[in-house]
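Below are the chains, spelled out letter by letter.
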Amino acid sequence: MRIGYQNRPYLFTVDIELPEMLYESVIEVDERVGPRGEVIVPLDEAAVAADLAEARAGGVETVAIVLMHGYRHSAHEERVGELARSAGFSQIRLATR
């Protein structure tokens, strides 16, 4: 999940200092929508709600929701956003908005 660069101001530096991560954890959602909008694996709402509740109880206040092909078929992303709202997250960002 970590994407970075190999930019180094000093070419022969051995200890590369990577920038701080933008996120502290990832919740994988058991769901899959194909590129044409067909549901391949339905959204497991109970599992997502439990994972979100656990993250919220652990002190996480902000969530970014990004699901595969969500930019074209946003129903599952929107549903996960509703579940996050129900879990008490104060900041919710969907990739589709």
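Just above, that's the structure.
Sequence order sets the numbering: in each chain, residues are counted from 1 along the sequence as written. Thresholds applied to this predicted model are a pLDDT of at least 70 for local features of residues and 80 or more for the giving and counting of side-chain atom pairs; totals over whole chains, interfaces and linings are not thresholded and use all residues. Processing note: side-chain calculations cover all non-hydrogen atoms of the structure and skip hydrogens and water entirely.

Describing the overall build of the chain
- Secondary structure elements are taken from DSSP: a helix is a run of H or I of four residues or more, a strand is a run of E of two residues or more, and numbering for both begins at the N terminus. Helix and strand content of the chain: 2 helices and 4 strands.
- Reading the helices (α) and strands (β) of the chain from amino to carboxyl end gives β-β-α-β-α-β.
- Summarising its shape, the C-alpha atoms of the chain cover approximately 50 × 35 × 20 Å along the three principal directions.
- Within the chain, the fraction of its 97 residues that count as buried is 22%.
- Whether two residues touch is decided by their heavy atoms; if any such pair falls within 4.5 Å, the residues are in contact. When contacts within the chain are restricted to residue pairs at least 6 apart in sequence, those whose partners lie at least 24 apart make up 57%. Note on classification: 1.4 Å probe, protein chains only; a residue is buried when its accessible area is under 20% of the maximum for its type, exposed when over 50%, partly exposed between these limits.

Concerning helix α1 (residues 45-57)
- Helix span, expected: 1.5 Å multiplied by one less than the number of residues in the helix. For α1, spanning 13 residues, the distance from its first C-alpha to its last is 18 Å, which sits close to the expected 18 Å at 1.5 Å a residue.
- The complete set of buried residues in α1 reads V48, L52 and A55. Buried residues along α1 cover an arc of 60 degrees about the axis, so they all sit on one side. Residues of α1 that are exposed and angled more than 90 degrees away from the buried face: A46, E54 and A57.
- Looking at the buried residues of α1, the elements they touch are β3 (62-65) and α2 (75-87).
- Of the residues flanking the end of α1, it is G59, one or two places downstream, whose phi is positive at about 100 degrees. In this context, the arc is that of the directions from the helix axis out to the C-beta atoms.

Overview of the nonpolar core
- With 13 residues, the main nonpolar core has V48, L52, V63, I65, V80, A84 and F89 as its most contacted residues.
- Sorting the residues of this core by element identifies α1, β3 and α2 as the ones contributing at least two each.
- Beyond its immediate chain neighbours, meaning those up to four positions away, I65 contacts E77, V80, G81, A84, I92, R93, L94 and A95. Take the buried Ala, Val, Leu, Ile, Met, Phe, Trp, Tyr and Cys residues and link them wherever side-chain atoms come within 4.5 Å; each set so joined is a nonpolar core.

Some words on α2
- Under the 1.5 Å per step criterion, the end-to-end length of α2 is 18 Å for 13 residues, consistent within 8% with the ideal 18 Å.
- Of all the residues in α2, the buried ones are H76, E77, V80, G81, L83 and A84. Projected down its long axis, α2 carries its buried residues within an arc of 160 degrees, all on one side. Across α2 from its buried face, at more than 90 degrees, point the exposed residues A75 and S86.
- In this fold, the buried residues of α2 make contact with β1 (32-33), β2 (39-41), α1, β3 and β4 (91-94).
- Of the residues trailing α2, G88 is marked for its positive phi of about 100 degrees.

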